[in-house]
Amino acid sequence: MTTTVPVSGGGFRPYEVVVGHGLLAELGARVAPLAQGRTVVITDETVGRLHGKAALASLKAAGVHGRLLTVPAGEASKSFSELERVIDRMLAFQLDRKDVVVALGGGVVGDLAGLAAALFMRGIDFVQVPTTLLAQVDSSVGGKTAIDTPRGKNLVGAFHQPRLVVADIEVLATLPERQLRSGWAEVLKHGLICDSGFFDWLAGDGAAGAKGDPGALERAVVRSVEIKSAIVGEDEKEAGRRALLNLGHTFGHAIEAELGFDEAKLTHGEAVALGCALAFRFSAGQGLCPPGEAERAEGVIAAAGLPTRLAQAGTFRSAALVKRMAGDKKAEGGRMTLILARRIGEAFVAKEVDAAAVTAFLEREIAAA
Ligand code: GLY
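This text gives an overview of the structure that appears in the document. (Residues numbered from 1 in each chain as written. Predicted model: local features only at pLDDT ≥ 70, side-chain atom pairs only at ≥ 80, totals over all residues. Heavy atoms only, no water.)

1. Examining the overall build of the protein chain
Phase 1: Within the protein chain, the secondary structure is distributed over 13 helices and 11 strands.
Phase 2: Taken against the 2.2 N^0.38 rule, which gives 21 Å for 369 residues, the C-alpha radius of gyration of the protein chain at 20 Å falls within 12% of a compact globule.
Phase 3: The buried share of the protein chain, reckoned over its 369 residues, is 57%.
Phase 4: When contacts within the protein chain are restricted to residue pairs at least 6 apart in sequence, long-range pairs at least 24 apart make up 74% of them.
Phase 5: As displayed, the protein chain offers around 15,100 Å² of accessible surface, 51% of which is attributable to carbon and sulfur atoms. (Helix = DSSP H or I, 4+ residues; strand = E, 2+ residues; numbered from the N terminus. Rg over C-alpha atoms; globule rule 2.2 N^0.38 Å. Buried < 20%, exposed > 50% of the residue type's maximum accessible area, 1.4 Å probe, protein only. Contact = heavy atoms within 4.5 Å. Areas by Shrake-Rupley, 256 points an atom, 1.4 Å probe, with all protein chains shown as cover.)

2. Description of the site of the ligand
Phase 1: By nearness alone, every residue bordering the ligand is listed as Asp138, Lys144, Lys228, Glu238, Arg242 and Leu245.
Phase 2: Between aspartate 138 and the ligand, the recorded distance is 3.0 Å, taken from a side-chain N or O atom to a nitrogen atom.
Phase 3: Between the ligand and lysine 144, the relevant distance is 2.9 Å, taken from an oxygen atom to a side-chain nitrogen or oxygen of the residue.
Phase 4: Calculation on the ligand without its partners gives an accessible area of 200 Å², and the protein chains cover 88% of this total.
Phase 5: Residues belonging to the shell around the ligand are distributed by class as follows: one nonpolar, no polar and five charged. (Near = heavy atom within 4 Å. Polar contact = N/O pair within 3.5 Å; in protein donor to acceptor, adjacent residues only side chain to side chain. Nonpolar A, V, L, I, M, F, W, Y, C, P; charged D, E, K, R; others polar.)

3. Looking at the pairing of strand 7 (residues 144–149)
Phase 1: The pairing of strand 7 with strand 8 (residues 152–159) spans five bridges and is classified as antiparallel. Within the sheet, the bridge partner assigned to alanine 146 lies in strand 8 and is glycine 157.
Phase 2: Taken together, strand 7 and the strand that follows it, strand 8, pair antiparallel across an intervening segment of two residues. (Pairing = 2+ DSSP bridges.)

4. Regarding unusual backbone geometry
Phase 1: In this structure, methionine 121 is a non-glycine residue whose phi angle is positive, near 50°.
Phase 2: Along the chain, the position of methionine 121 falls in the loop between helix 4 (107–119) and strand 6 (125–130).
Phase 3: Of the residues examined, methionine 121 reaches a relative accessible area of 35% and is grouped as partly exposed.
Phase 4: Even without glycine at this site, glutamate 352 takes up a positive phi of about 55°.
Phase 5: Looking at where glutamate 352 falls in the secondary structure, it is placed in strand 11 (residues 346–353).

5. Comments concerning the packing of helix 7 (residues 196–203) against helix 11 (residues 291–303)
Phase 1: At a minimum axis separation of 10 Å, helix 7 and helix 11 run at an interaxial angle of 45°. Comparing the axis directions of helix 7 and helix 11 gives the class oblique. Crossing of helix 7 against helix 11: the hand is left-handed. Taken together, the residues of helix 11 that come into contact with helix 7 (itself represented by Phe199, Asp200 and Ala203) are Arg296, Ala297 and Val300.
Phase 2: When its residues are assigned to classes, the contact of helix 7 with helix 11 shows four nonpolar, no polar and two charged. (Axes fitted to C-alpha atoms, helices over the stretch in contact; angles between N-to-C directions. Parallel < 35°, antiparallel > 145°, perpendicular 65-115°, else oblique. Left-handed = near helix turned anticlockwise from the far one by under 90°.)

6. A word on the environment of histidine 190
Phase 1: Along the chain, histidine 190 turns up in helix 6 (residues 177–194).
Phase 2: With relative accessibility at 0%, the residue histidine 190 sits in the buried group.
Phase 3: C-alpha of histidine 190 to C-alpha of serine 224: the two residues are 34 residues apart in sequence and 6.1 Å apart in space.
Phase 4: Setting aside residues up to four positions removed in sequence, histidine 190 forms contacts with Val137, Asp195, Phe198, Ser224, Ile227, Lys228 and Leu245.
Phase 5: Within the structure, histidine 190 has its side chain in polar contact with the backbone oxygen of glutamate 186 (distance 3.0 Å).
Phase 6: A polar contact is formed between the side chain of histidine 190 and the side chain of serine 224, at a distance of 3.3 Å.

7. Regarding the packing of aromatic side chains
Phase 1: In this structure the tally under the stated criterion is four aromatic pairs.
Phase 2: Between phenylalanine 198 and tryptophan 201, the aromatic rings sit 6.1 Å apart at their centres with planes inclined by 15°, giving stacked as the arrangement. Of this pair, phenylalanine 198 and tryptophan 201 both sit in helix 7, three residues apart, roughly one helical turn. Accessibility classification places phenylalanine 198 together with tryptophan 201 in one group, the buried group. (Phe/Tyr/Trp six-rings, centres within 6.5 Å; stacked < 30°, edge-to-face > 60°.)

8. Some words on the sheet that holds strand 9 (residues 164–168)
Phase 1: Strand order in the open sheet formed by seven strands is 1-2-9-6-5-3-4, and the pairing between neighbours is mixed. The two strands at the open ends of the sheet, each matched to only one other strand, are strand 1 (3–9) and strand 4 (65–71). On average, each strand axis in the sheet is inclined to that of its neighbour by 20°, with strand direction left out of account.
Phase 2: Bridge count between strand 3 (residues 38–44) and strand 5 (residues 100–105): five bridges; the pairing is parallel. Across the sheet, the residue bridging to threonine 39 is valine 100, located in strand 5.
Phase 3: Sheet strands in contact with helix 8 (residues 214–234) are strand 1 and strand 2 (12–20), and its direction is about 15° off that of strand 1.

9. A closer look at helix 6
Phase 1: The terminal C-alpha atoms of helix 6, which comprises 18 residues, lie 27 Å apart, in line with the 26 Å expected from a rise of 1.5 Å per residue.
Phase 2: With 13 of 18 residues buried, helix 6 lies mostly within the body of the structure. (Expected span 1.5 Å × (residues − 1).)

Following this line, the structure appears as structure tokens:
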């Protein structure tokens, strides 16, 4: 079965996210109506090896001219130098404003290719073909594109919505287990933010998705995309409600930064999972959320094989974590903004959170290890 989720909002051209099995084979037919001229398929070495040929064959079968442009796998490709190289190749291929970029890969490829599309000749169309669970449920939808600089992650970018997102559940079968679990953290996050019924399913039958069950994965991707699309439709530029999608990210980002963004120690998804558990426990400690809800959130995250305690990630100092959190780009006017929860399925944006309370909380978390 194929499910189409519309994404629409006041400020951008509506588009569809198509979720189903075997969609890579249909890529050409889906891209053909958008591509008047040529396409360039931007991918990385790993995904290119696995799916590059199938993507090009599908485009060719639909009469769409496509070329592969491969970047090194890994976060280091989200750089000015790689962006320059990609845009230079696009110019060398003589792409013009009617041509289309296809981003075939995970979050790194989507961010880099999306930004290249946003900048090339002041903006050309692009199609997201996310090949990781994290990219299917989060980064391919909503139009955030960016590269990193030595001063921080995602600091240079643009909002550039894709024309189409094609999420093929079958490609998730080639993902390493740890990467699948990491994407599952963002799935759990969506339930925690605003859908307790979805979270109940993820805690029960849906839990099979974290282990690769294709049916559960499909339902999890569809519901995640519906949730994300509704939020992005209301608040494309993160003036308000979109910030809810950062649940777990302010704690998580600080932890990742302290670990030097070393994915071998802690993946982004694992950091988000841990950050969600911390956000719920902090909310409970502040009397904002019943402690039982925080315990349940933690139990379901842990059952998916994701970390919920700082000691599982490394050794930390509370002051260093809080300094990172206050310096996070989500902090406004020097005050700390956190996404907290009233219960499972009801997250909210808490402005002006007392940094001393966060420090004391983290000290207790570290001491409890
Ligand atoms: N990943 C959070 C957002 O797209 O807003």
